[in-house]
Amino acid sequence: SDGNLYGTTYVGGANSDGTVFRLNPRVDLSPTRLNFGFQGTNLPNAPLTVTLTNTGRAPLLISSIAITGTDSGDFSESNNCPTAPGTLTPGGYCSITVVFAPTGSGMLNADVTITDNAPDSPQMVPLTGVGVGGKVRPR
């Protein structure tokens, strides 16, 4: 019921009486942070993508993926990750695509926050970008 897979052995352990073990999902994120650089205000940038992989030995139940933090309104995300009751099987992966469209100038920060049944939940991917007033022209 907690999303983990449990098992037993009939030998092993302290007195050779067997052991109980748990297989957990494990989240690997690549890259572990996104930096969007300089971006003109009110203009979306080219999206950047994070790959989420279940490198554990049990199904990963993702309950939510959201942009959180101080400047969360300047970033948006879309993803193809299964959310509960669906699961990401061991070895499975999905993508989270993030767009930075600053509404103000200066350094802006937020996080992609993933909440799931992995032991280290929630996982976070820091997002940074600099909003620049007016349009940015390529050199």
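Above this note sits the structure.
Below is a summary of the structure that appears in this document. (Residues numbered from 1 in each chain as written. Predicted model: local features only at pLDDT ≥ 70, side-chain atom pairs only at ≥ 80, totals over all residues. Heavy atoms only, no water.)

1. Brief notes about the state of the cysteines
Then, in step 1: Summed over the entire model, instances satisfying the criterion amount to one disulfide.
Then, in step 2: With a sulfur-sulfur separation of 2.1 Å, C81 is cross-linked through a disulfide to C94. Residues C81 and C94 share a disulfide whose torsion about the S-S bond is about 90°; that sign makes it right-handed. Taken as a pair, C81 in the loop between β7 (75–79) and β8 (93–100) and C94 in strand β8 lie far apart in primary sequence, 13 residues in all.
Then, in step 3: On the accessibility criterion, C94 (2% relative accessible area) is buried. (Disulfide = S-S within 2.5 Å. Helix = DSSP H or I, 4+ residues; strand = E, 2+ residues; numbered from the N terminus. Buried < 20%, exposed > 50% of the residue type's maximum accessible area, 1.4 Å probe, protein only.)

2. Some remarks on the packing of aromatic side chains
Then, in step 1: By the definition in use, this model includes three aromatic pairs.
Then, in step 2: Of the aromatic side chains, those joined through ring pairs into one cluster are F36, F75 and F100. (Phe/Tyr/Trp six-rings, centres within 6.5 Å; stacked < 30°, edge-to-face > 60°.)

3. Notes on the sheet that holds β7
Then, in step 1: Pairing in this open sheet of four strands is antiparallel, and the strands run β3-β5-β8-β7 from one edge to the other. Strand pairing shows two members of the sheet lacking a second neighbour, β3 (27–30) and β7, which therefore form its edges. Here the average twist between neighbouring strands, direction ignored, is 25°.
Then, in step 2: As paired strands, β3 and strand β5 (residues 48–54) are joined by four bridges and run antiparallel to one another. Residue pairing in the sheet places V27 in a bridge with N54 of β5. (Pairing = 2+ DSSP bridges. Axes fitted to C-alpha atoms, helices over the stretch in contact; angles between N-to-C directions.)

4. What to know about unusual backbone geometry
Then, in step 1: Put simply, S30 and P31 share a cis peptide bond, and its omega is -5°.
Then, in step 2: In this fold, P31 is placed in the loop between β3 and β4 (34–40).
Then, in step 3: In this chain, S121 is followed by P122 through a cis amide linkage whose omega measures 0°.
Then, in step 4: For N42, which is not glycine, the phi dihedral falls at a positive 60°.
Then, in step 5: Within the fold, N42 resides in the loop between β4 and β5.
Then, in step 6: Owing to a relative accessible area of 55%, N42 belongs among the exposed residues under this scheme.

5. Section: the sheet that holds β4
Then, in step 1: One open sheet accounts for four strands, arranged β4-β10-β9-β6; its pairing is mixed. Unpaired on one side and paired on the other, β4 and β6 (62–68) mark the two borders of the sheet. On average, each strand axis in the sheet is tilted by 15° relative to the strand beside it, whichever way the strands run.

6. Focus on the environment of G86
Then, in step 1: As for its placement among the helices and strands, G86 is situated in the loop between β7 and β8.
Then, in step 2: Spatially, the C-alpha atoms of G86 and L61 are 6.7 Å apart, while their sequence positions differ by 25 residues.
Then, in step 3: Among all residues touching G86, those that are not within four sequence positions of it are L60 and L61. (Contact = heavy atoms within 4.5 Å.)

Purely geometric numbers; function is a separate question.
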